[in-house]
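Next come the chains, spelled out residue by residue.
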Amino acid sequence: MYLDNPKSLRTLYDVQQVLKAFGIYVYVGKRMWDIEVMALELDNLYRMNAIDKPTWLQAKVVLTHEHRIEEQKSKKTNEH
């Protein structure tokens with residue numbers, strides 16, 4: 001499981017599975033917003049000591065990467 005091996009967190013789906021383990025389902029309707037809300041939820045879980053630091057850090061790396069991808073897509077769309 002992801003919580004046992006933070007290095008296995010590589011995709012947005014993986015991060016969603018961590019949140020799902022705590023009964024947290026995020027769907028705002030826009031992928032970038034979903035990523036931002038997931039980051040907030042992860043921060044809350046970490047502050048409550050529900051997840052350890054390596055899991056939190058790896059999940060944040062994944063979310064940061066996915067957020068950048070969405071920003072680039074948005075810029076390309078706005079350029080046309």
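Quick notes on the rules
- Residues numbered from 1 in each chain as written.
- Predicted model: local features only at pLDDT ≥ 70, side-chain atom pairs only at ≥ 80, totals over all residues.
- Heavy atoms only, no water.
- pLDDT = per-residue confidence, 0-100.
- Helix = DSSP H or I, 4+ residues; strand = E, 2+ residues; numbered from the N terminus.
- Core = buried A, V, L, I, M, F, W, Y, C linked by side-chain atoms within 4.5 Å.
- Buried < 20%, exposed > 50% of the residue type's maximum accessible area, 1.4 Å probe, protein only.
- Contact = heavy atoms within 4.5 Å.
- Salt bridge = Lys/Arg side-chain N within 4 Å of Asp/Glu carboxyl O.
- Phe/Tyr/Trp six-rings, centres within 6.5 Å; stacked < 30°, edge-to-face > 60°.

1. Focus on the confidence of the model for the protein
Residue-level pLDDT values for the protein average 92, and 95% of them are 70 or greater. The spread of mean pLDDT over the elements of the protein runs between helix α3 (residues 53-79), the lowest at 93, and helix α2 (residues 31-47), the highest at 97.

2. Concerning the nonpolar core
The biggest cluster of nonpolar side chains holds 17 residues, and the ones touching the most others in it are V15, L19, M38, L42, I51 and L63. For this core, the secondary-structure elements that each account for two or more residues are α1 (12-21), α2 and α3. No other element matches the five residues that α2 contributes to this core. M38 has contacts with L12, Q16, L19, V26 and L63, leaving out every residue within four places of it along the chain.

3. Let's talk about the pattern of salt bridges
All chains considered together, the criterion is met by four salt bridges. In this structure, R31 engages E66 in a salt bridge whose closest nitrogen and oxygen atoms are separated by 2.9 Å. With R31 in helix α2 and E66 in helix α3, this residue pair connects regions lying 35 residues apart in the sequence. Between K60 and D43 there is a salt bridge, with the nearest N and O atoms lying 3.0 Å from each other. Of this pair, K60 sits in helix α3 while D43 sits in helix α2, placing them 17 residues apart in sequence. Using a relative accessible area of 16% as the deciding quantity, one classes D43 as buried.

4. Re the packing of aromatic side chains
Here the structure, examined in full by the defined rule, presents one aromatic pair. Ring centres of Y46 and W56 lie 4.5 Å apart, and the angle between their planes is 10°; on these two criteria the pair is classed as stacked. In this pair, Y46 is assigned in helix α2 and W56 in helix α3, connecting sequence segments ten residues apart. Since its relative accessible area comes to 25%, Y46 is described here as partly exposed.

5. Here's the deal with α1
Of the positions making up α1, those classed as buried are L12, D14, V15, Q17, V18 and L19. Where α1 is buried, its residues contact α2 and α3. Two residues or fewer after α1 comes G23, characterised by a positive phi angle close to 75°.

6. What to know about unusual backbone geometry
Most of the time, phi is negative for any residue but glycine, and the peptide bond is trans. Its identity is not glycine, yet N49 carries a phi of approximately 60°, on the positive side. Locating N49 in the fold gives a position in the loop between α2 and α3.

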